[in-house]
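Coordinate analysis (summary)
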Amino acid sequence: MSDEDAPDGTRRQKFHDLLRSLPVWDTELPHFDPASAPADPLPLFQQWLIDAAGAGTPEPHTMTLATADATGRPSVRTLMLHDADEHGWHFATHRTSRKGRELAARPEAALGFYWPTVGRQVRIQGTVTAAGAAESRADLARRSTGALAAALVGRQSEVLASYEELERASDAAWERARREPDAPVGSWTLYVLEAQEVEFFQGDARRRHVRLNYRRRPPAEGGWTTELLWP
Ligand SMILES: Cc1cc2nc3c(=O)[nH]c(=O)nc-3n(C[C@H](O)[C@H](O)[C@H](O)COP(=O)(O)O)c2cc1C
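Residues numbered from 1 in each chain as written. Predicted model: local features only at pLDDT ≥ 70, side-chain atom pairs only at ≥ 80, totals over all residues.

Residues in contact with the ligand amount to 14 residues; listed here are only the nearest, Arg77, Thr93, Ser97, Arg98 and Ser157. Among the elements that line the shell around the ligand, the one with the most residues is strand β2 (residues 74-80), at five residues. Here the residues of the shell around the ligand are counted per class, giving four nonpolar, seven polar and three charged. (Near = placed C-beta within 6 Å. Helix = DSSP H or I, 4+ residues; strand = E, 2+ residues; numbered from the N terminus. Nonpolar A, V, L, I, M, F, W, Y, C, P; charged D, E, K, R; others polar.)

Further remarks concern the environment of Phe113. Take Phe113: it is sitting in strand β5 (residues 108-115). With 25 residues separating them in the primary sequence, Phe113 and Gly88 have C-alpha atoms 15 Å apart. Filtering out sequence-adjacent residues up to four positions away, Phe113 remains in contact with Met63, Gln121 and Val122. (Contact = placed C-beta atoms within 7 Å.)

UniProt's entry tags residues 188-231 with the feature "domain: Pyridoxine 5'-phosphate oxidase dimerisation C-terminal" (unreviewed entry), counted in the numbering of this structure. Across residues 188-231, the secondary structure splits into 0% helix and 61% strand, with the terminal C-alpha atoms separated by 39 Å. (UniProt positions renumbered as here; feature names shortened; annotations may be inferred.)

Turning next to the UniProt feature "domain: Pyridoxamine 5'-phosphate oxidase N-terminal" (unreviewed entry) in the chain. Following the UniProt record, one finds the feature "domain: Pyridoxamine 5'-phosphate oxidase N-terminal" (unreviewed entry) at residues 55-170. Between the end C-alpha atoms of residues 55-170 the distance is 35 Å, and the span holds 29% helix and 37% strand.

With that settled, consider the nonpolar core. With 38 residues, the main nonpolar core has Leu111, Tyr191 and Leu193 as its most contacted residues. Considering each element in turn, this core owes the most residues, nine residues, to strand β7 (residues 188-202). (Core = buried A, V, L, I, M, F, W, Y, C linked by C-beta atoms within 7 Å. Buried ≥ 20, exposed ≤ 12 C-beta atoms within 10 Å, placed from the backbone.)

When two helices pack together, their arrangement is given by the angle between the helix axes and the distance between those axes. Packing of helix α5 (residues 145-153) against helix α6 (residues 163-179) leaves a shortest axis separation of 8 Å and a crossing angle of 130°. Put simply, α5 runs oblique to α6. The chirality of how α5 crosses α6 is right-handed. Residues Thr145, Leu148, Ala149, Leu152 and Val153 of α5 touch α6, and the partners they reach there are Ala169, Ser170, Ala173, Trp174, Arg176, Ala177 and Arg178. For the contact of α5 with α6, the class distribution of residues is eight nonpolar, two polar and two charged. (Axes fitted to C-alpha atoms, helices over the stretch in contact; angles between N-to-C directions. Parallel < 35°, antiparallel > 145°, perpendicular 65-115°, else oblique. Left-handed = near helix turned anticlockwise from the far one by under 90°.)

We now examine helix α1 (residues 8-21). Every α-helix winds through 3.6 residues per turn, so residues three or four apart in the chain are directed the same way. When the terminal C-alpha atoms of α1 are compared, their 20 Å separation across 14 residues agrees well with the 20 Å that a helix rising 1.5 Å per residue should span. Among the 14 residues in α1, zero count as buried, and that is only a small part of the element. (Expected span 1.5 Å × (residues − 1).)

Another aspect to go through is the pairing of strand β6 (residues 120-130). Here eight bridges tie β5 to β6, and the two strands are oriented antiparallel to one another. Bridged to Leu111 within β6 is Ile124. In textbook terms, the turn of a hairpin is the stretch between consecutive antiparallel strands, and for β5 and β6 this stretch comprises four residues, one of which, Gly119, has a positive phi near 60°. Where β6 meets β7, 11 bridges bridge the pair, whose relative direction is antiparallel. (Pairing = 2+ DSSP bridges.)

The set of residues buried in α5 consists of Leu148, Ala149, Ala151 and Leu152. Along α5, the residues classed as buried sweep out an arc of 165° about the axis, all on the same side. The elements touched by buried residues of α5 are α4 (133-141), α6 and β7. Once α5 finishes, Gly154 follows within two positions and takes phi at roughly 65°, a positive value. (Arc of directions from axis to C-beta.)

Positive phi is not limited to glycine here, since Arg155 has a value of about 60°. Assignment of secondary structure puts Arg155 in the loop between α5 and α6. Exposure remark for Arg155: the 14 C-beta atoms within 10 Å place this residue in the partly exposed category. Even without glycine at this site, Arg207 takes up a positive phi of about 65°. With respect to the helices, strands and loops of the structure, Arg207 is situated in the loop between β7 and β8 (210-216).

This part covers the environment of Arg95. Here Arg95 shows up in the loop between β4 (88-94) and α3 (98-105). Sequence separation between Arg95 and Gly186 is 91 residues, and the spatial gap between their C-alpha atoms is 9.1 Å. Ignoring any residue separated from it by four or fewer positions in sequence, one finds Arg95 in contact with Gly100, Ala104, Ala130, Ser187 and Thr189.

For the rest of this paragraph, the subject is the environment of Gly186. With respect to the helices and strands, Gly186 occurs in the loop between α6 and β7. Looking at Gly186, the number of C-beta atoms within 10 Å reads 12, which means it is exposed. In this structure the C-alpha to C-alpha distance between Gly186 and Ala133, which are 53 residues apart in sequence, comes to 7.8 Å.

Okay, here's the thing in structure tokens:
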């Protein structure tokens, strides 16, 4: 009997047993000394992403993006990080998508990264600005044919009548992306999140997790304050 055919009670039990048996923080984790952390969160974020990639974390440049609609109802999804520099954390999507519409109504968002091979989490909260058409196009031009084809398909977050419709649209988009590598995608938009807060979490086998939170000082003062948080 496959798991799908199992009676509800059996499947629920197996599910609970599995959840309880899955380990977390049971490998050798790096030590993080917050006293040695830089004054600015950006170089620490860059170093942690480099460490995560070096430790073999799959797709360490993927992150969760949380937005909220005009009434405050939240939603999350996974996105690729395109860059992190002095302007902020860069990502791209269709401005006509659900998240694009939510960001237009309420330009605030949060990002979450989790790198299990090093037991590290980073979360970032801040204000989001949409880049102009030229910058958004340049961002897409730097990416692969597949990324361009995916963007050309468009209609992200709209209801899809049938999978066949997507197959047809995708075939046409791939064809166009190969033929026309500079094909414009009007809705494709690069966004930059300027952080107000950045929190670094280093997991620990004995659950003495280190949490270091950076908060941006008012513009007149500049720089960041840091504080430790109880785990
Ligand atoms: C690993 C991974 C990376 C993704 N990267 C992106 C991305 O960079 N941009 C994007 O628009 N969607 C990306 N997606 C799809 C989004 O998670 C989401 O399904 C889509 O953007 C629609 O979200 P929305 O309906 O909330 O607007 C990615 C999904 C996964 C699983």
